[in-house]
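The residues making up each chain are set out below.
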Amino acid sequence: TAAPGFDGYAGWLGAWGEAQLLSATPRTLPFIDRVIGDGALTLAVRRLFESLLLDEAWLKRHVRATTAQAREVARVFAWRQVMAMRAEAALLPVQREGLERGAVRGLADAYLTAIERAHVVQPERGRFLVDTAPLTPAMQSLDAWALEAHLLQLIRERFNEDWWRNPAAGRFLSDLAMRGSTEDAAT
């Protein structure tokens, strides 16, 4: 069972979508094309399935929420996603500065300013070393946000608003997985 709250349900839906994508990737592809490459596609598919929590029809059908409950869940989850994306975008210049200059005194102040602008609250000062770590794939994550929005628009155009009920949408995502990570997110 999923943990309660958005983190639990979104994590479960995202992991399920990611597992579907990875299971459709053929083992005949070379290792580098199956595993190593632009991870934005995998993250975008993960977010595509997490975004089912934004779909009122899906919430009413699968979670059995009332219309008012589905609207409220979608609204709050949308706010949660916007705040996460704002924080990632705000941290990108700070992470870049950290990579270029190293952990300098001004980096903590730049972090505090960026997060305060993004979230409109003052963050913990000590988190800047975790949130601005050079290994945090912020650019890949921002690519995934853009790719997820494009994938959702494309899937809705081809398969209609309730694409999650259409088996052809599943085949479309499987065909996407057949290529592995041979292309970058923009392609």
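None of the values given here were measured: they were computed from a predicted structure.

Conventions used here
Residues numbered from 1 in each chain as written. Predicted model: local features only at pLDDT ≥ 70, side-chain atom pairs only at ≥ 80, totals over all residues. Heavy atoms only, no water. Helix = DSSP H or I, 4+ residues; strand = E, 2+ residues; numbered from the N terminus. Buried < 20%, exposed > 50% of the residue type's maximum accessible area, 1.4 Å probe, protein only. Contact = heavy atoms within 4.5 Å. Salt bridge = Lys/Arg side-chain N within 4 Å of Asp/Glu carboxyl O. Core = buried A, V, L, I, M, F, W, Y, C linked by side-chain atoms within 4.5 Å.

**Q** I would appreciate a short explanation of the overall build of the chain in the present structure.
**A** A tally of regular secondary structure across the chain gives 9 helices and 0 strands. Listed by position from the N terminus, the elements making up the chain come as α-α-α-α-α-α-α-α-α. A buried classification covers 36% of the 187 residues belonging to the chain. Taking all contacts inside the chain whose residues are at least 6 apart in sequence as the whole, residues at least 24 apart take part in 66%.

**Q** What should I look at first to understand unusual backbone geometry in this one?
**A** Note: most residues except glycine have negative phi, and most peptide bonds are trans. The phi angle at V120 is positive, at roughly 60°, despite the residue not being glycine. Assignment of secondary structure puts V120 in the loop between α6 (105–119) and α7 (128–131). Exposure remark for V120: the relative accessible area of 65% places this residue in the exposed category. The phi torsion at N160 lies on the positive side, around 85°, for a residue other than glycine. You can call N160 partly exposed: its relative accessible area is 40%.

**Q** Looking at this structure, how should I read the pattern of salt bridges?
**A** Oppositely charged side chains can form a pair if their charged atoms are brought close together. With the rule as written, the count across this model stands at 8 salt bridges. One salt bridge in this structure joins E88 and R47, with 3.7 Å as the shortest N-O distance. Residue E88 is located in helix α5 (residues 67–101), and its partner R47 is located in helix α3 (residues 40–50); the two are separated by 41 residues in the primary sequence. For E72, the salt bridge identified is with R75, shortest N-O distance 2.6 Å.

**Q** Mind showing me how you'd approach the nonpolar core here?
**A** As a rule of thumb, soluble globular proteins bury nonpolar side chains together. Grouped together as the largest cluster of nonpolar side chains are 30 residues, with contacts concentrated most on I155 and W163. Put simply, the parts of the chain that give this core at least two residues each are α1 (5–24), α3, α4 (56–63), α5, α8 (138–159) and α9 (167–178). Those residues in contact with I155 that sit more than four places away from it in its chain are L48, N160, W163, A169, F172 and L173. Counting residues in each nonpolar core, the second largest holds 10 residues, with L91, V94, L107 and A114 among its members.

Interpretation in functional terms is not warranted from these geometric data alone.
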